[in-house]
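Results of the structural survey
The primary structure of each chain is shown beneath.
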Amino acid sequence: MSKPGPLGSGSGGVGVTSAANQAAAQKQKALLLRVDNDISQIVDNFSALLTISRVNDPPVRNSQEAFQMEMRAARMVQAADSLLKLVSELKQTAIFSNFTSLNEQVESRIFEFDQLSNKTSYLLEKIGEEAAASLKELELHYYSSMARNGAGDEEN
Amino acid sequence: MEIHLDKLPLKRVESTDEAGLERFPAEIATEEKRLDLIRRIDFSWVVEKDAEKARKRKKKSDKETDAAPWPWQGLTENLKLAHQELAVIIDLINTVEANDAVTVAGMTRPKQLPNELLSDLSVSAATKLQKLRHLGKYFKQSAEALEKQVDREARFYGSLLRLQENWKVKRQRQPVPGNEGFSFDLHDTSSSDSAFLTRPSPMSMVRVEHDPTGMLALQSSLRSYRRMHFGFSPESYIKAAQKSLSTKSDDDDNDDHRGGGGIMIEAPTAEAVDRSARRAHAVLREIHRAIFEEQVFDMINREIVDNPNGVNVAGMREDYLHLKVGPETSIYMRLQPSEGEAIDGADALNLPLGSPNPRGLEIYLRSLLQGRTASRGRPLAQGVSLLGYFCAAVAHRVFSVQVSSMLERLVEGLPYLRLQTQPTWHSRLSSWSLNLSVPLSMVNPAASDRPRIHTTNVLVTDELISVRGEGIPSIVGSAGYGSAINCYGCDLTDLPWFLLQQVATQVVSWLHGEAARMGIKASVDFLALCLELGRGERLRLVARVDPEAELSGISWWLVADGEIMPAADEGRTDAGNTRSESLQRRKFLGHLSLDSLYSLLMDLLRLSNPPSNGHSRS
């Protein structure tokens, strides 16, 4: 749970100031704290729930325990929801703040598109050459064909 | 009901004796008071009631001696008795408490029997179990809801990350409720061309939303985006718009069917998510294209205003442009709402005859502008605006189509002439070659000093035609083989004349060469081959060029000049000179092929050399 995350490793890039490093570390710490809190809340409330589930002698305490159980269950669900929100925040951070991977992605796309552009240009050249060759061949065939020569003979 | 009124607990004087002393009643002890009160309770009504009930029961049992006894009868009676006793005791307690004479110090619960203990325990356990089951259902529902939320977020963020590979994602500072505030920024900031930099288009920010299934959806309407259309006639737009409207209704149905217009009950599959991401990508691509085309149109308008040289504007509106390219050619550019796919049928919609494909020119215009933005605004040529260059290219294309059709008509009538297109891959340069194949010489087939194919190249640069070939005729005399003279300033009207003369010259030169090989005295005079047959007879084979002729552009005449002609050179004037005593006979030979001409030459050879003398020459 306490291992350094992407923020810690990504902050060691060139040009990042120490203030940014500290801010990133702070944020990472805060997120880990939130995670710990949520998980501990879930665990604690579940333990309390199990304790309350015991059947006691005085029947009059059942109602009290019923309300307690509902409360513990609600808090567990709330903690799970908070964890989900944390995951959403992490995803948003990955989308907007993960500059390393974004830059790598952009560069790889640029490379891909350059390759595609070169390939397309090459393909266009090949198509042009083939079209020219086909045109030449077709013209040759046409002017050698019976249709044209026959028509020419008829005219004569 | 009887009501007893108790005396107030005051010390009252019971009697007064003779001495005047007051006598009070003796104080009763509390226990005695209690007993006294209890004794005062009249239980007789209860006893009477019981007796009454017993009598009735007896009567009833006497009446229903045949009926079967109810199994729970005893239980109900016991419960009723218990209820009565409890009611009595409760009344007693209330009475005692009301009098405040006796206070209930405490009540100890009697020791419960084991079955009572077990029953209490079972009730508690059942209650707990029910509560736990209720909690179980709650957890299950919450788990399902959280799982759905996880799936929704996975779908949404997965699609967003995938689209982020190609598009710029931005987040608003103050997100709208129900929406995380994401949007795609389609404004292109990579171009530093000042002519191309404009304010960000209002279409460039596309908001991201959630659709009912949680997948990524874009807040856009394709109807509001415009595409640029290019054509040679204004009617093509009307027909293109009609066609796009008719196809759009089909596309609408397909989209509703395909895109899940209704509410999806089940979670979408991975394929649906993939399809949704692809569709979003396609929509963004369309919007990006629409923005680019609006920028293109805007830039063209600015070029017209800033640099009007070389561009003739015939009409201009907010979304419409009419330019004149040449005396007879007009091009129309218009921004029309984009509804569905781009229409490729513009070229099939009543194109003017001999016009190039407008779709190709549209693509060329876009590529020019795209190249300009990539080259950071460097001009194509000194002092030439992009629009001027494009208009020149269009003019060249139109002109070259006309030249090409003219060449084809020309070649059609001459079977020994072949047209070969030479692609230049340049927008303002076109080239063709006319190849004249002469038959193999029968006299000396191995003669290799004469080429068998004579080539004439026609090069069109913008709207200038230049011809390069062998033996281009001149007024003074014929030029020999290998001399190439470029002809400048040849226009479309003169080109067929020029080419036909060129071809005729080449044929005449070839015949001249063959005649020389055969040993005939021959000379070339412009388009005529003069053969001296001896005894002063001269024959001339004259080519006549006429591009307007129906069958062929070159026809042949045989002109015989008699021996009484005063001077041999005067006979070359090719005039029907009847004033002199010269005998000039003409015969129209028609449109002859090269083989026929060669045969004619052979016949003339035999004519000039009778069989007794001609064997050595054959």
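Note that this is a predicted model, so its numbers are computed, not measured. (Residues numbered from 1 in each chain as written. Chains lettered and ligands numbered in written order. Predicted model: local features only at pLDDT ≥ 70, side-chain atom pairs only at ≥ 80, totals over all residues. Heavy atoms only, no water.)

A closer look at the overall build of chain B
As a reminder, the rule being used: Elements are defined by DSSP. Helices are runs of H or I of four residues or more, strands are runs of E of two residues or more, and each kind is numbered from the N terminus. A simple rule labels every residue: compare its accessible area, found with a 1.4 Å probe on the protein chains alone, to the largest value its type can have, and call it buried under 20%, exposed over 50%, or partly exposed in between. The criterion used for residue contact is that any of the two residues' heavy atoms lie within 4.5 Å. To measure how exposed things are, a 1.4 Å probe is used in the Shrake-Rupley method; for residues, cover is taken only from the protein chains shown.
When helices and strands are counted, chain B shows 11 helices and 20 strands. With 618 residues in all, chain B has 36% of them scored as buried. Put simply, 60% of the contacts in chain B that link residues at least 6 apart link residues at least 24 apart. Of the accessible surface of chain B, which amounts to about 38000 Å², a share of 54% is contributed by carbon and sulfur atoms.

A short note on the packing of helix α3 (residues 62-97) of chain A against helix α4 (residues 114-164) of chain B
Selection criterion: To obtain each axis, a line is fitted to C-alpha atoms, and for helices this fit is confined to the stretch in contact; angles are then taken between N-to-C directions over 0 to 180 degrees. Comment on the angle field: the value is read as roughly parallel under 35 degrees, roughly antiparallel over 145, roughly perpendicular from 65 to 115, and oblique elsewhere.
Two elements in contact, α3 of chain A and α4 of chain B, have axes separated by 10 Å at closest approach and are oriented at 10°. Here α3 of chain A lies roughly parallel to α4 of chain B, going by the angle between them.

Observations concerning the interface of chain B and chain A
Defined as follows: Here, a salt bridge means any Lys or Arg side-chain nitrogen found within 4 Å of an Asp or Glu carboxyl oxygen. Here a polar contact means two N or O atoms within 3.5 Å. Within protein one must be a hydrogen donor candidate and the other an acceptor candidate, and residues neighboring in sequence count only if both atoms are side-chain atoms. Gly counts as polar in this scheme, as do all residues outside two lists: the nonpolar Ala, Val, Leu, Ile, Met, Phe, Trp, Tyr, Cys and Pro, and the charged Asp, Glu, Lys and Arg.
Each partner contributes to the interface: chain B provides 44 residues, whereas chain A provides 44 residues. The interface formed by chain B and chain A holds 2 salt bridges in total. With its nearest N and O atoms 2.6 Å apart, the salt bridge here joins Glu70 of chain A to Lys131 of chain B. At the junction of chain B with chain A, the criterion picks out 10 residue pairs in polar contact (both at pLDDT 80 or more). When residues of the side of chain B that touches chain A are assigned to their parent elements, the largest contribution, 21 residues, is made by α4 of chain B. Of the residues in the side of chain B that touches chain A, the class split is 23 nonpolar, 12 polar and 9 charged.

Comments concerning the pairing of strand β6 (residues 216-219) of chain B
Residue and element names in this part refer to chain B. Let me state the cut-off plainly: Here, a strand pair is defined by DSSP locating no fewer than two bridges between the strands.
In β6, alternate side chains face the same way, and those of Leu216 and Leu218 are buried while those of Ala217 and Gln219 on the opposite face are not. Across 4 bridges, the pairing between strand β5 (residues 205-210) and β6 is antiparallel. When the sheet's bridge partners are listed, Glu209 is paired in β6 with Ala217. A loop of 5 residues connects β5 with β6, the two strands running antiparallel in sequence, and Gly214 in this loop sits at a positive phi of about 90°.

Structural notes on the confidence of the model for chain B
Residue and element names in this part refer to chain B. The cut-off we apply is this: Values of pLDDT, which run from 0 to 100, indicate the predictor's confidence residue by residue.
Mean pLDDT for chain B: 75, with 72% of residues reaching 70 or above. With pLDDT under 50 throughout, residues 612-618 is counted as low confidence; its partners more than four residues away or in other chains account for 4 contacts. Taken over the whole predicted complex, pTM reads 0.63, whereas the ipTM for its chain interfaces reads 0.73.

Looking at the packing of aromatic side chains
Residue and element names in this part refer to chain B. For clarity, the threshold we go by: Each Phe, Tyr or Trp ring (for Trp, its six-membered ring) is paired with any other whose centre lies within 6.5 Å, and the angle between the two planes then decides the class: stacked below 30 degrees, edge-to-face above 60, tilted in between.
This model, assessed by the stated rule, comprises 11 aromatic pairs over all chains. On the basis of an interplanar angle of 80° and a centroid distance of 5.3 Å, the ring pair of Phe156 and Tyr157 is categorised as edge-to-face. Residue Phe156 shares its accessibility class with Tyr157, and that shared class is buried. Relative to Phe390, the ring of Phe230 lies with its centre 5.6 Å away and its plane at 70°, an arrangement referred to as edge-to-face. With Phe230 in strand β7 (residues 226-231) and Phe390 in helix α8 (residues 386-412), this pair connects stretches of sequence that are 160 residues apart. One exposure class covers both Phe230 and Phe390, and it is buried. Three or more aromatic residues link up through ring pairs in this structure, and these residues are Phe230, Phe232, Tyr364 and Phe390.

Looking at the sheet that holds strand β4 (residues 182-185) of chain B
Residue and element names in this part refer to chain B. Here 4 strands make up an open sheet; going across it, the order is β3-β4-β5-β6 and the pairing antiparallel. Whereas interior strands pair on both sides, the edge strands pair on one side only; in this sheet they are β3 (168-171) and β6. Taken over all neighbouring pairs, the strand axes of this sheet differ in orientation by 40° on average, direction set aside. With respect to the sheet, helix α6 (residues 270-306) is in contact with β4, β5 and β6, its orientation differing from that of β6 by roughly 25°.

Observations regarding the environment of Asn37 of chain A
All names here are of chain A. Along the chain, Asn37 falls in helix α2 (residues 18-52). Exposure remark for Asn37: the relative accessible area of 42% places this residue in the partly exposed category. Separated by 45 residues in the primary sequence, Asn37 and Ser82 have C-alpha atoms spaced 9.9 Å apart.

Quick word on the environment of Arg418 of chain B
Here Arg418 of chain B shows up in strand β11 (residues 417-426). Note: C-alpha distance between Arg418 of chain B and Leu436 of chain B (18 residues apart in sequence) is 6.5 Å. Apart from the residues lying within four places of it in its own chain, the contact partners of Arg418 of chain B are Leu140, Tyr143 and Ser144 of chain A together with Val411, Ser433, Leu434 and Asn435 of chain B.

Some thoughts on the packing of α8 of chain B against helix α9 (residues 495-518) of chain B
Residues and elements named next belong to chain B. Operational definition: Handedness of each helix crossing follows the sense of rotation of the near helix against the far helix: counterclockwise by less than a right angle gives left-handed, clockwise gives right-handed.
Relative orientation of the contacting elements α8 and α9 amounts to 40°, with a least axis distance of 11 Å. The orientation of α8 relative to α9 falls into the category oblique. You can see that α8 and α9 cross each other, and the crossing is right-handed. On α9, the residues that touch Val403, Met406, Leu407 and Leu410 of α8 are Leu495, Pro496, Leu499 and Leu500.

Considering a positive patch on the surface
Residues and elements named next belong to chain B. Our working rule: Patch membership needs two things, relative accessible area over 30% and no salt bridge, and members are linked within 9 Å if like-charged or within 5 Å if nonpolar (Val, Leu, Ile, Met, Phe, Trp, Tyr). Neither His nor the chain ends contribute to the count of charged residues, in which Lys and Arg are positive and Asp and Glu negative. The atoms used to mark charge sites are NZ of Lys, CZ of Arg, CG of Asp and CD of Glu.
Residues Lys49, Lys53, Lys56, Arg57, Lys59, Lys60 and Lys80 make up a contiguous surface patch of positive charge. At 6 residues, the largest contribution of residues to the positive patch is made by helix α2 (residues 44-63). Position of Lys80 among the secondary structure elements: in helix α3 (residues 73-99).

Let's talk about the sheet that holds β7 of chain B
Residues and elements named next belong to chain B. As summarised here, the arrangement of the 4 strands in space is β7-β10-β9-β8, forming an open sheet in which the pairing is antiparallel. For this open sheet the edge positions go to β7 and β8 (312-317), each flanked by a neighbour on one side alone. The sheet shows a mean angle of 15° between the axes of neighbouring strands, taken without regard to direction. In the sheet, β8 pairs with strand β9 (residues 320-325) via 5 bridges, with the strands oriented antiparallel. By the bridge assignment, Arg317 is partnered in β9 with Tyr320.

Quick notes on unusual backbone geometry
One can expect most non-glycine residues to show negative phi and most peptide bonds to be in trans. Residues and elements named next belong to chain B. Located in the positive-phi region is Asp462, a residue other than glycine, with phi close to 55°. Secondary-structure assignment places Asp462 in the loop between β13 (453-461) and β14 (464-469). In this structure, Phe526 takes a positive phi of about 60° despite not being glycine. Considering the arrangement of structural elements, one finds Phe526 in the loop between β16 (521-525) and β17 (528-534). Phe526 gets classed as partly exposed once you look at its relative accessible area, which sits at 40%.

Side note on the confidence of the model for chain A
All names here are of chain A. Confidence along chain A averages 82 in pLDDT terms, with 81% of residues attaining 70 or more. The least confident element of chain A, judged by mean pLDDT, is helix α1 (residues 6-10) at 47; the most confident is α2 at 93. Residue range residues 1-11 is modelled with pLDDT below 50. Its contacts to residues more than four positions away, or to other chains, number 15 contacts.

What about the side chain of Ser555 of chain B?
Residue and element names in this part refer to chain B. By the element assignment, Ser555 lies in strand β19 (residues 554-561). Residue classification places Ser555 among the buried residues on the basis of a relative accessible area of 5%. In contact with Ser555, not counting residues within four places along its chain, are Val542, Ala543, Arg544, Phe588, Gly590 and His591.

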